Amino acid sequence: VVSAGLESEMAEARVALQRSATALEVNAGVTESVLRFDVRSLGIDLPEASPFVVNVNLQPVVGPFTLLDMRMFAVKPLINRAAARQLEAARDGVAVAAVNERKAQAQVASETARAYFAALLAQASEEVARGGVEQARFRVEAQEERRAQGLGTGADVRRAQLDLRASEQKWIAAKAMVRVAVLQLKAWTGLGNGEPLVLRPVEKGPWEVPGAEAAREQALAGRLELE
């Protein structure tokens, strides 16, 4: 699910990137220049001394003075078929990523439900195995009592004890299966190993069973990959 969410974010970023190719681009800049030039390069030949003011020399070099040049440029593409196609493809990518994210969420929900039912089944099997152990212990006690009363033999007691050992082994295996099923369920739900998890049975029916056509439409509506 996290990977699908990152895919959606990347698709949105690609749309923004492709949209920028057709957006208005504005550039502005300011340059500062310090100028000094010789008036003789303009064809002006000044005398060395001013004929109007006494003791004033005329310099052929003018400056320095500062010149500021401020400019702004705006560019807007009117027709860019390649960029338009790329933008459309990026938008389709966003839709696909959204469907993939929903598909990942549905898969997690489905696997979590499957793990929950597996844990319920393992728990029910463990209860059955525990009941088998209790019954086997009762049979051992009954055979020992029969032998004490002279109605049974030692072979009957040993046979009952062997059945008890087999029932205990089944119970141990069933408890191990419960632990495995709970760990798998915690992995799908994101719970830590130390966090408690209470398994509650699913409420029984009556369930409303749809018709064949309604079930078909419902099944196709749930197929996110068809989108």
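Every value quoted in this text rests on a predicted model; they were computed, and no experiment measured them.

Digging into the overall build of the protein
Reasoning step 1: Secondary structure summary: the protein contains four helices and two strands in total.
Reasoning step 2: Taken from N to C terminus, the helices and strands of the protein fall in the order α-β-β-α-α-α.
Reasoning step 3: Counting all 227 residues of the protein, 18% fall into the buried class.
Reasoning step 4: Taking all contacts inside the protein whose residues are at least 6 apart in sequence as the whole, residues at least 24 apart take part in 75%.
Reasoning step 5: Surface exposure of the protein reaches about 17500 Å², of which carbon and sulfur atoms provide 57%.

A look at the packing of helix H2 (residues 81-148) against helix H3 (residues 154-189)
Reasoning step 1: Taken N-terminus to C-terminus, the directions of H2 and H3 make an angle of 165°; their axes are 7 Å apart at the nearest point. Compared by their axis directions, H2 and H3 come out roughly antiparallel. The handedness of the crossing between H2 and H3 comes out as left-handed.

Side note on the packing of aromatic side chains
Reasoning step 1: Taken as a whole, this structure holds zero aromatic pairs when the rule is applied.
Reasoning step 2: One Lys or Arg, Lys175, reaches over the ring of Trp171 and ends 4.2 Å from the middle of that ring.

Comments concerning the pattern of salt bridges
Reasoning step 1: A complete count under the given rule lists five salt bridges for this structure.
Reasoning step 2: A salt bridge links Asp69 to Arg71; the nearest nitrogen and oxygen atoms lie 3.0 Å apart.

Describing the nonpolar core
Reasoning step 1: By size, the foremost hydrophobic cluster in this structure holds nine residues: Ala115, Ala119, Leu120, Ala122, Val178, Ala181, Val182, Leu185 and Leu199.
Reasoning step 2: Those elements that place two or more of their residues in this core are H2 and H3.
Reasoning step 3: Here Leu199 is in contact with Tyr116, Ala119, Leu120, Gln123, Val182 and Leu185, once residues within four sequence places are set aside.
Reasoning step 4: In this structure, Ala129, Val133, Ala136 and Ala160 belong to the second largest nonpolar core, which totals eight residues.

Some points on the side chain of Thr112
Reasoning step 1: Among the structural elements, Thr112 can be located in helix H2.
Reasoning step 2: Residues within four places of Thr112 in sequence aside, it is in contact with Leu185, Trp188 and Thr189.

Observations regarding the side chain of Glu126
Reasoning step 1: Inspection of the secondary structure assignment puts Glu126 in helix H2.
Reasoning step 2: Among buried charged residues, Glu126 stands out as having no salt bridge; its nearest opposite-charge side chain is Arg130, 4.6 Å away.

A look at the confidence of the model for the protein
Reasoning step 1: On average, the protein scores 79 in pLDDT, and the residues at 70 or more come to 80%.
Reasoning step 2: Within the protein, H3 carries the highest mean pLDDT (90), whereas helix H1 (residues 2-20) carries the lowest (68).

Some points on the environment of Ala98
Reasoning step 1: Inspection of the secondary structure assignment puts Ala98 in helix H2.
Reasoning step 2: Ala98 sits in the partly exposed class, given a relative accessible area of 32%.
Reasoning step 3: Residues Ala98 and Glu9, 89 residues apart in the sequence, show an inter-C-alpha distance of 9.6 Å.

Parameters and conventions
Residues numbered from 1 in each chain as written. Predicted model: local features only at pLDDT ≥ 70, side-chain atom pairs only at ≥ 80, totals over all residues. Heavy atoms only, no water. Helix = DSSP H or I, 4+ residues; strand = E, 2+ residues; numbered from the N terminus. Buried < 20%, exposed > 50% of the residue type's maximum accessible area, 1.4 Å probe, protein only. Contact = heavy atoms within 4.5 Å. Areas by Shrake-Rupley, 256 points an atom, 1.4 Å probe, with all protein chains shown as cover. Axes fitted to C-alpha atoms, helices over the stretch in contact; angles between N-to-C directions. Parallel < 35°, antiparallel > 145°, perpendicular 65-115°, else oblique. Left-handed = near helix turned anticlockwise from the far one by under 90°. Phe/Tyr/Trp six-rings, centres within 6.5 Å; stacked < 30°, edge-to-face > 60°. Lys NZ or Arg CZ within 6 Å of the ring centre and 35° of its normal. Salt bridge = Lys/Arg side-chain N within 4 Å of Asp/Glu carboxyl O. Core = buried A, V, L, I, M, F, W, Y, C linked by side-chain atoms within 4.5 Å. Lys, Arg positive; Asp, Glu negative; His and termini not counted. pLDDT = per-residue confidence, 0-100.

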